[in-house]
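# Structure assessment
As a plain string of letters, each chain reads:
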Amino acid sequence: MTALADRVDALDWTPLLDELDRFGGAQSARPLLEPDECRALAELFDDDALFRSTVEMARHNYGAGRYRYFDYPLPPSIAEMRARFYVKLLPVAREWAWRLGRPAPWPDTLDEWLTMCHEAGQVRPTPLILRYGPDDWNALHRDLYGELVFPLQVVIGLDEPGVDHEGGEFLLVEQRARAQSRGTATVLRQGHAFVFTTNERPVQSVRGWSAAPMRHGVSTVRRGTRRTLGLVLHDAE
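In what follows, the accompanying structure is described. Just so we're clear, the structure is a prediction, and the values are computed from it rather than from any experiment. Counting starts from 1 at the beginning of each chain's written sequence and moves along it residue by residue. Totals for whole chains, interfaces and linings use every residue, but because this is a predicted model, local features are given only for residues with pLDDT of at least 70 and side-chain atom pairs only at 80 or more, for both listing and counting. Side-chain numbers come from the whole structure's heavy atoms, not from hydrogens or water.

### Here we look at the pattern of salt bridges
One side-chain nitrogen of Lys or Arg within 4 Å of one carboxyl oxygen of Asp or Glu is enough to make a salt bridge. This model, assessed by the stated rule, comprises 16 salt bridges. Here Glu166 ties to Arg223 by a salt bridge, and the two come within 3.6 Å at their closest N and O atoms. Placement of the pair is Glu166 in strand S8 (residues 165-167) and Arg223 in strand S14 (residues 221-224), with a sequence separation of 57 residues. Here the salt bridges share partners, and the residues they tie into one network are Asp9, Arg84 and Lys88. Where helices and strands are cited, they refer to DSSP runs of H or I of at least four residues and of E of at least two residues respectively, numbered from the N terminus.

### A few points about the side chain of Arg82
Summarising the element assignment, Arg82 is placed in helix H4 (residues 76-99). Polar contacts, as used here, are pairs of N or O atoms within 3.5 Å; protein pairs need one atom able to donate a hydrogen and one able to accept it. Residues neighboring in sequence count only if both atoms are side-chain atoms. At a separation of 3.5 Å, a polar atom in the side chain of Arg82 contacts the main-chain carbonyl oxygen of His234. By the convention used here, residues are in contact when the closest approach between their heavy atoms is within 4.5 Å. Ignoring anything within four residues of it in the chain, the contact list for Arg82 reads Tyr72, Leu74, Leu110, Leu114, Thr126, Pro127, Leu231, Val232, Leu233, His234 and Asp235.

### Details of the nonpolar core
To define a nonpolar core, start from buried Ala, Val, Leu, Ile, Met, Phe, Trp, Tyr and Cys residues and group those joined through side-chain atoms within 4.5 Å. Summary of the burial criterion: residues with accessible area below 20% of their type's maximum are buried, those above 50% are exposed, and those between are partly exposed, where the area comes from a 1.4 Å probe applied to protein chains only. One finds Met81, Phe85, Trp113, Phe150, Ile156 and Leu229 to be the most contacted residues of the largest nonpolar core, which totals 43 residues. Elements with a contribution of two residues or more to this core: helix H1 (3-9), helix H2 (13-23), helix H3 (35-43), H4, helix H5 (110-119), strand S7 (152-157), strand S11 (193-197) and strand S15 (226-231). Per-element tally for this core: the top contributor is H4, with ten residues. Those residues within four positions of Trp113 in sequence are excluded, and the remaining contacts are Tyr86, Pro105, Trp106, Pro107, Leu148, Val149, Phe150, Leu233 and His234. The next biggest cluster of nonpolar side chains, apart from the first, holds ten residues, and it includes Val55, Met57, Tyr67 and Leu130.

### Some words on the packing of aromatic side chains
Only the six-membered ring of Trp is used, alongside the rings of Phe and Tyr, when aromatic pairs are assigned; centres must lie within 6.5 Å, and planes under 30 degrees apart are stacked while those over 60 apart are edge-to-face, with the rest tilted. One pass over the structure, following the stated rule, counts ten aromatic pairs. Ring centres of Phe45 and Phe51 lie 6.4 Å apart, and the angle between their planes is 55 degrees; on these two criteria the pair is classed as tilted. A residue is classified by how much of its surface remains accessible, and Phe45, at 1% relative accessible area, is buried. Of the residues examined, Phe51 reaches a relative accessible area of 9% and is grouped as buried. Taken together, a centroid distance of 5.6 Å and an interplanar angle of 90 degrees make the contact between Tyr67 and Tyr69 edge-to-face. Exposure class is identical for Tyr67 and Tyr69. Each is buried. Of the aromatic side chains, those joined through ring pairs into one cluster are Phe45, Phe51 and Phe70. Either the NZ atom of lysine or the CZ atom of arginine qualifies as a charge over a ring when it sits within 6 Å of the ring centre and within 35 degrees of the ring normal. Its end group placed over the ring of Tyr69, Arg52 keeps NZ or CZ at 4.5 Å from the ring centre.

### Digging into the pairing of strand S4 (residues 66-70)
Most of S4 is tucked away, with four of its five residues classed as buried. When DSSP finds two or more bridges between a pair of strands, those strands are recorded as paired. Both strand S2 (residues 51-56) and S4 contribute to a ladder of five bridges, which runs antiparallel. Within S4, the position partnered with Thr54 by the bridge is Arg68. Here S4 pairs with strand S5 (residues 128-132) via four bridges, running antiparallel.

That's the geometry; what it means functionally is another story.
What follows is the structure, encoded as structure tokens:
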């Protein structure tokens, strides 16, 4: 394994996965990336040759801001982190599927999984960089992209909150059965990994396990620039 894969392995996985199981999202206690590595990734945003698509969010009523999807081949650091996060999150995906009595179609490696995606017509890469300025925000949504979905994904903060920007908290909203929705707001720390559910998570009740739909978004940025790296673990149609 190379250095980034080792760093993914070295994250505080036991408390992180416990919080993920309880709330549908959890941030690593220690950073995965150093500040200079975050800045280098954030600067990729302006290299047109690296991206397959650019989305102006206001044009599609997604909120306000801009994001860009990388094209293949991915930058090596991004490909490496994506592959390793898949392996670390695979046991959770399979456990959640078991709780809900559903199939767990995910093979042991990301390469095998992406082959399945591509054979199903989901051939476009989904890692992305998102950039927000003052008054920008992201509406609540899910990153599904096709029939084949990995139930967890990762976002990494590339700027320092309180220094580079204010506001822009990461939002998760859980739709609870026969109850009001529950929301959480998290300040994404620079270089830290936030793992969260893509679509829904299993919730236990007296009737057993049921699926609680979840959506995510970003609160309004009040000052500065907020950039993040998103690692979605399935490809798009």
